[in-house]
Amino acid sequence: MNIELPPIPSLFSRNVAVIGAGAAGLVAARELRLEGHKVVIFEREIRVGGTWVYNPATESDPIGVDPSRAVVSSSLYKSLRTNLPREVMGYRAYPFVASNKPSRDSRRYPGHREVLDYLTDFATEFGISDLVRFGTEVSYVGQVEDGKWNVKSRTGRENMDEIYDAVVICNGHYTEPRSADITGIEAWPGKQIHSHNYRVPEPYRGQVVVLIGSAASAVDISRDIAGVAKEVHIACRSLGNENPGKIAAHDNMWLHPMIKSVHEDGFVVFEDGTRVLADIILHCTGYKFHFPFLHTNGKVTVDDNRVGPLYKHVFPPSLAPWLSYVGLPWKVVPLPQFELQSKWISGVLSGRILLPANEEMMADIEAFYRGMEESGIPKRYTHNMANSQFEYNDWVAKQCGCPPSEEWRKQMYALASKNKNNRPESYRNEWDDDHLIPLAHEDFIMYGVFAHNS
């Protein structure tokens, strides 16, 4: 069915459904409301915070492939601390400054509870919690004949069937695990777990663990486990500048190339021919984008973790601006980017900001895909912005009439990333960017938002 989408009158107020009350959904709701839209946030958990709500429970299927498993939304492990300094992390409208409130974590690289408290403060400060329907599962989002959106949800025993002008999807991407394909795994006698279901190191005491991955969670969890495990062997797709062998500062950690195969005798064989007899394989291999509630008749698909076609990772051209996404890019500083994407969406929905014609947006998407292919970048890295986030953020800011990212933020991010690589064991407690902190705080004072630290 081809649906004729309605034009947007100038500065019009829309009824908007926001899916998710995590860091993306909260700021999306604030920006939408600032623009004059009416907002309802759907959240299946009982509080705001999304992935920052720690849950000690894990799923019945530790690898996370059983579709009938009871899903646990959070992927937090108990020891998690941020891997970026707080000055970089916060929304521009509500900087992440240390609080004077009792039992808060004032460290520059705080634990996960401090981030949750910050998000809760944000929701309270701007009255966002009042917009949330907690304990509400969205089962269906699909377009109806007049171009509006049908949203079906369930709260307890109550089923709701409602119509909205637009839907903003903010459901995160740390819930549906993606695991490595391993030759021989069906016959291998050991246990497998995905980092989504990792919480504390104690179950690994005295075990030989093979951990797959090299991103932030892999680095943290390998160190967490090494304190109790007999041996930890880290298998990476790419070793970069590192050489296989024992990892400095740890007597029981080794670095390896990727796993080649596993065997029924319990051995794990790596691509360089080395082998270990292992008890557990821990997949720190990331997540899949997952929107089981969304029905677009094939206009938006997820193919090898590419959500598309999307203009600038936000708008599907054939459904724009009535369907949009906040928070798909990864390897970014998330919260400031969520804020900018939300400003863009809000302004476009009101008619204050204009999108290009559908044909122009599709041409831009096709050129982006073609550039990836010519550079040999795998499709699954479509939303990886490791090297382009500030360029992207500044482009979005320009669409919104906002100033670009602050120079101190860009420099602080670069120095923090360098420090993390140079001091993987201690970067959260030692740094080289003290000269940038006063610049950040000068801006925070200028924004007029220092009141929330007490």
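Every residue gets a number counted from 1 within its own chain, in the order that chain's sequence is written. The model is predicted, so local features are restricted to residues of pLDDT at least 70 and side-chain atom pairs to those at 80 or more, both for listing and for counting; the totals for chains, interfaces and linings are taken over all residues. Think of the side-chain values as coming from all heavy atoms in the structure, minus any hydrogens and water.

## Structural notes on the overall build of the chain
Each helix and strand counted, the chain has nine helices and 22 strands in total. Just to be clear, the radius of gyration here is over C-alpha atoms, and the globule rule we use is 2.2 Å times residues to the power 0.38. The C-alpha atoms of the chain give a radius of gyration of 23 Å, which matches the 22 Å a tight globule of 454 residues would have. By principal-axis analysis of the C-alpha atoms, the chain measures approximately 65 × 55 × 50 Å. Residues count as neighbours in contact if any of their non-hydrogen atoms are within 4.5 Å of one another. A fraction of 65% describes how many contacts in the chain between residues 6 or more apart in sequence connect residues 24 or more apart. A run of H or I in DSSP becomes a helix once it reaches four residues, and a run of E becomes a strand once it reaches two; helices and strands are each numbered from the N terminus.

## Things to note about helix α5 (residues 334-350)
The end-to-end C-alpha separation of α5 is 24 Å, in line with the 24 Å expected for 17 residues at 1.5 Å each. Buried, partly exposed and exposed residues are distinguished by accessible area as a fraction of the type maximum, computed with a 1.4 Å probe on protein chains only: under 20%, between the cut-offs, and over 50%, respectively. Of all 17 residues making up α5, 15 are buried, and the element is well covered by its neighbours. Once α5 finishes, Gly-351 follows within two positions and takes phi at roughly 90°, a positive value. Any helix carries an expected span of 1.5 Å times its number of residues minus one.

## Remarks on the sheet that holds strand β16 (residues 275-277)
Two strands pair under a simple rule: DSSP has to find at least two bridges between them. Taken together, the three strands give an open sheet; going across it, the order is β14-β15-β16, and neighbouring strands pair in antiparallel fashion. Each edge of the open sheet is held by one strand with a lone partner, namely β14 (259-262) and β16. Averaged over all pairs of adjacent strands, the angle between strand axes in this sheet comes to 20°, irrespective of strand direction. With three bridges connecting them, β14 and strand β15 (residues 267-270) associate as antiparallel partners. An axis is simply a line fitted to the C-alpha atoms; with a helix, the fit covers only the stretch in contact. Between two such axes, the angle follows the N-to-C directions and lies from 0 to 180 degrees.

## What to know about the layout of surface pockets
A cavity here means a set of 1 Å grid points, computed over protein atoms only, where a 1.4 Å probe fits but cannot escape. A pocket is an open set with protein on both sides within 12 Å along at least 5 of 7 lines, and lining residues have an atom within 4 Å of a point. Grid points are joined across faces, edges and corners, and a volume is the space filled by probe spheres set on the points. Considered as a void within the structure, the second largest pocket measures approximately 550 Å³ in volume. Forming the walls of the second largest pocket are 21 residues, and the residues nearest its centre are His-313, Phe-368, Thr-382, Met-385 and Ser-388. Taken together, the residues of the lining of the second largest pocket sort by class into twelve nonpolar, six polar and three charged. Asp, Glu, Lys and Arg are counted as charged, while Ala, Val, Leu, Ile, Met, Phe, Trp, Tyr, Cys and Pro are counted as nonpolar; the rest, among them Gly, fall into the polar class.

## Examining the environment of Cys-400
For Cys-400, the position within the fold is in helix α7 (residues 389-400). Residue classification places Cys-400 among the buried positions, given a relative accessible area of 10%. Sequence separation of Cys-400 and Leu-340 is 60 residues, and the distance between their C-alpha atoms is 7.9 Å. Dropping the residues within four chain positions of it, Cys-400 is found in contact with Leu-340, Lys-343, Trp-344, Arg-352 and Ile-353.

## A word on unusual backbone geometry
Of all residues except glycine, most have a negative phi; of all peptide bonds, most are trans. Here the amide bond leading from Gly-308 into Pro-309 is cis, since omega sits at 0°, within 30 degrees of zero. Relative to the helices and strands, Pro-309 resides in the loop between β21 (306-308) and β22 (323-325). With an omega of -5°, the peptide bond between Ala-320 and Pro-321 qualifies as cis. Among the secondary structure elements, Pro-321 is positioned in the loop between β21 and β22. Located in the positive-phi region is Lys-312, a residue other than glycine, with phi close to 55°. Inspection of the secondary structure puts Lys-312 in the loop between β21 and β22.

## Observations concerning the pattern of salt bridges
Close approach of charged atoms allows side chains of opposite charge to pair. Salt bridges are defined as contacts in which a side-chain nitrogen from Lys or Arg sits within 4 Å of a carboxyl oxygen from Asp or Glu. Applying the stated criterion to the full structure yields 28 salt bridges. Between Glu-162 and Arg-133 there is a salt bridge, with the nearest N and O atoms lying 2.8 Å from each other. Taken together, the residues span a long stretch of sequence, with Glu-162 in strand β6 (residues 158-164) and Arg-133 in strand β3 (residues 132-133) at a distance of 29 residues. By relative accessible area, Glu-162 is classed as buried at 16%.

## So, the sheet that holds strand β10 (residues 208-212)
Sheet architecture is open: six strands sit in the order β9-β17-β10-β11-β13-β12, paired in mixed fashion. Taken across any chain shown, the strands that pair with only one partner, and hence form the sheet edges, are β9 (191-194) and β12 (245-246).

## A look at the environment of Gly-227
Turning to its location among the elements, Gly-227 is positioned in the loop between α4 (216-226) and β11 (231-236). Sequence separation of Gly-227 and Arg-205 is 22 residues, and the distance between their C-alpha atoms is 8.4 Å.

## Topic: the state of the cysteines
Here, a disulfide means two cysteine sulfur atoms that sit within 2.5 Å of each other. For the structure shown, the criterion picks out zero disulfides. For the unlinked cysteine Cys-236, the closest cysteine sulfur is that of Cys-284, found at 10 Å. Of the residues examined, Cys-236 reaches a relative accessible area of 6% and is grouped as buried. For Cys-284, a relative accessible area of 6% gives the class buried.

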